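# Chain and residue survey
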Amino acid sequence: MTDWSVEGLESDLDRFHLGPVDLALAAGRVTAVVGPSGAGKTTLLRTLAGFVPAQRGRILRGGDDLTVVAPERRRLGYVPQGLGLFAHRTVERNVSYPYEMRGRLDWKPRTRELLDRFGLTALADRRPARLSGGEMQRVALARALAADPELVLWDEPWQALDVEARHALGLVFEELRADGGIPLVVVTHDPGLAFSVADAFLELQRGAVRRVSEPATLLADPKDSFTARFVGFENVFAPAELAGAPAGSFGAWLARESGPDGVAFARPALSAGPGPWRGVVRSVHPTPEGMAIALDVDGRRVAARLPPPYPPVLPSLGETVPFDVPAESVRRLG
Amino acid sequence: MSRGRVRAPLMRRPHAGWPWLALQLVLAGSLLLLFLLPIYALFTYATPAEIWSAATSAYVGQSISFTLYASGFAVLAAVLFAIPLGYLLGRRAFRGRSVVESVVALPVAVPHLLVGLGLFLLVIPGTPLYRFTTEIGFPVYDTIWGVVLVMVFVSAPYTVLAADLSFRAVDPRVVEAARSLGAGPATAFLTVTFPLALRGIVAGLLLTWARAVSEIGGILILAYAVYPGGPYDGPVTSTVSVLVYDLFQAGNLKGAAAVSTVFLLIAFALFLAVRIGERSGWVPWRRGELLP
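### Concerning the overall build of chain B
Of the regular secondary structure elements, chain B holds 13 helices and zero strands. In chain B, the order of α-helices and β-strands from amino to carboxyl end is α-α-α-α-α-α-α-α-α-α-α-α-α. A globule of 292 residues ought to have a C-alpha radius of gyration of about 19 Å, yet chain B, at 24 Å, is considerably larger. The principal-axis extent of the C-alpha atoms belonging to chain B is close to 90 × 60 × 40 Å.

### Some remarks on the overall build of chain A
Within chain A, the secondary structure is distributed over 11 helices and 18 strands. Principal-axis analysis of the C-alpha atoms places the extent of chain A at approximately 75 × 45 × 30 Å. The buried share among the 334 residues of chain A stands at 42%. In chain A, once contacts between residues fewer than 6 apart in sequence are set aside, the share between residues at least 24 apart is 67%.

### With respect to the domain arrangement of chain A
By convention, interface size is frequently given as the accessible area that disappears when the constituent parts associate. Residues and elements named next belong to chain A. Taken domain by domain, chain A consists of domain 1 (4–224) and domain 2 (233–333). Taking only C-alpha atoms into account, the centre of domain 1 sits 39 Å from that of domain 2. With four residues of domain 1 at the contact, the number on the domain 2 side is five residues. Classifying every residue of the side of domain 1 that touches domain 2 gives one nonpolar, no polar and three charged.

### So, the sheet that holds strand β10 (residues 208–213) of chain A
Residue and element names in this part refer to chain A. What the six strands build is an open sheet, ordered β6-β7-β8-β3-β9-β10; its pairing is mixed. Looking along the sheet, the strands with just one partner apiece sit at the ends: β6 (76–79) and β10. Within the sheet, the average angular offset between the axes of one strand and its neighbour, ignoring direction, is 15°. Taken together, the five bridges between strand β9 (residues 200–205) and β10 define a ladder with antiparallel strand orientation. Within β10, the position partnered with Glu-203 by the bridge is Arg-211. Contacting β6 and β7 (151–155), helix α5 (residues 133–146) crosses the sheet at an angle of about 160° to β6.

### Focus on the interface of chain A and chain B
Counting residues at the interface gives 22 residues for chain A and 18 residues for chain B. Elements with a minimum of two residues in the side of chain A that touches chain B: β6 and α3 (97–101) of chain A. By residue number, the principal contributor to the side of chain A that touches chain B is α3(A), which donates three residues. For the side of chain A that touches chain B, the class distribution of residues is 13 nonpolar, four polar and five charged.

### Details of the pairing of strand β12 (residues 262–265) of chain A
Residues and elements named next belong to chain A. Burial along β12 is two-sided: the face carrying Gly-262 and Ala-264 and the face carrying Val-263 and Phe-265 are both buried. Sheet analysis places strand β11 (residues 235–237) next to β12, joined by three bridges and oriented antiparallel. Each residue of the ladder has a partner; that of Phe-237, found in β12, is Val-263. Examined bridge by bridge, β12 and strand β18 (residues 330–333) share four bridges and lie antiparallel to one another. Each residue of the ladder has a partner; that of Val-263, found in β18, is Arg-332.

Thresholds, definitions, all that
Residues numbered from 1 in each chain as written. Chains lettered and ligands numbered in written order. Predicted model: local features only at pLDDT ≥ 70, side-chain atom pairs only at ≥ 80, totals over all residues. Helix = DSSP H or I, 4+ residues; strand = E, 2+ residues; numbered from the N terminus. Rg over C-alpha atoms; globule rule 2.2 N^0.38 Å. Buried ≥ 20, exposed ≤ 12 C-beta atoms within 10 Å, placed from the backbone. Contact = placed C-beta atoms within 7 Å. Domains from an automatic or database assignment. Nonpolar A, V, L, I, M, F, W, Y, C, P; charged D, E, K, R; others polar. Pairing = 2+ DSSP bridges. Axes fitted to C-alpha atoms, helices over the stretch in contact; angles between N-to-C directions.

As structure tokens, then:
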């Protein structure tokens with residue numbers, strides 16, 4: 001399998017400018033493109049796929065420059081948002097489409113093989129409209145692989161899937177990575193699944209690349225409030241929210257810890273002792289990791305937790321409880 | 001309890017009340033009645049024997065088959081020219097699109113006698129278009145081409161509009177998926193965009209056909225009598241609409257009603273055939289199960 005690289009890629013769509021994007025897509029690696037809505041994630045995929053013309057920069061597959069090559073000649077498995085299944089064709093004829101396009105005479109056995117691999121054989125004669133979300137997802141992926149792609153681009157793979165189907169799709173990704181080494185680029189809003197499959201993250205913001213990094217880097221240094229929330233820091237405060245906090249208060253302490261774009265910290269545990277900070281319990285609900293507790297701290301909402309084993313009496317609503325925010329769980333943003 | 005009864009809880013009324021339903025039935029039914037009564041009047045004015053004799057008479061048969069023949073050309077023209085225009089409007093953003101859309105709507109809005117007059121002034125003997133159309137073998141005045149021209153003018157907008165909406169309804173992402181799976185632009189159009197839009201386009205073509213065969217205003221002026229020429233080499237005839245008008249003018253109400261009945265039955269049979277086709281699944285869009 002070939003490595004891909006993207007060098008200084010820029011494109012314009014209506015008034016939106018994307019790039020420059022530099023990216024290495026090594027065989028077998030999954031790159032997750034993340035960022036707020038409107039950051040240009042889909043535009044990046046469509047530029048790579050050739051539907052938005054590149055204004056500058058290059059898209060290289062091994063030594064081949066694909067920057068101005070027509071979409072149908074790029075050897076891509078592009079799965080657009082909404083999957084782009086053909087409503088007028090059966091599952092089988094969806095999956096066989098790329099073979100038909102290349103005039104392959106052996107399309108039947110090859111299609112059957114793919115249907116079999118993705119557990120779609122029993123559904124071969126159905127139309128997409130009669131499939132479940134998870135089944136549609138598998139059809140889209142099988143169809144993309146029928147193109148013998150050298151790169152798979154997938155926009156929002158987990159969109160509108162129930163939990164079981166998400167889990168199943170995660171396993172499919174694992175398998176993909178294990179067997180072929182096709183590089184994969186996924187656009188996603190789903191942090192949990194992104195972390196479960198991605199080897200690298202590309203963070204986009206307003207069309208510009210903020211960073212390309214390993215998953216661990218994102219956790220260690222989220223840089224901005226979007227990424228902080230994305231990777232699971234539930235407490236994020238902008239500098240403006242912290243201004244004017246009275247000396248010695250929790251707010252003043254946070255303001256000291258804050259970077260230019262604010263501060264983020266993971267759910268602090270309620271402390272057994274008096275604790276440096278105190279908050280009023282606003283809600284309590286159980287999660288697999290313990291009790292999730294919402295606190296009101298001088299008018300700021302702080303998400304905290306109470307890990308098991310639980311005390312004989314759980315904190316009640318309105319009760320004032322102590323908590324501690326360990327320094328290592330705090331991230332300066334910006 | 002001076003304030004009267006306690007109101008029934010909303011939960012006990014899962015359906016709208018009968019007055020609401022009755023209102024809907026009365027309003028919808030009135031319109032249906034308006035559609036049906038004139039047809040009833042037509043069907044019952046002439047006796048079955050008279051209708052049969054009209055159906056089997058040579059000049060009525062000539063007129064009906066000529067009308068179907070000419071309208072076939074009109075539908076063909078809509079396929080050739082209106083679908084591409086609909087595609088342009090539905091799929092491409094360009095300057096002046098709303099102007100083009102208004103131009104397309106024009107033939108629907110203009111009284112059709114004016115259409116006939118406009119075309120007439122364009123192609124009467126002495127005009128450059130007259131010389132040109134005659135030289136290339138498409139004489140228009142009082143020929144089948146005149147009939148087809150008027151028919152296309154008044155009926156093609158329905159196909160343009162239907163194609164526009166149908167192409168617009170095809171998700172561009174589906175087409176992009178096809179492209180990246182190896183289809184060139186033309187192949188993606190033929191294998192994905194067009195099949196997905198087909199159902200709406202056929203509905204538009206049906207409307208085009210219906211509008212074409214019912215046209216009279218423009219035809220009265222441009223091709224009141226149709227002489228043999230071009231692809232038509234039968235005797236002098238006229239469209240059904242003109243024939244019925246003639247019969248009516250001549251005071252032959254029974255004849256007019258009989259011819260109308262015969263033609264209505266043919267049109268009805270055609271629409272029914274398409275519906276049955278949809279149900280039985282031989283039409284391509286039904287095979288695609290785009291219907292719910």
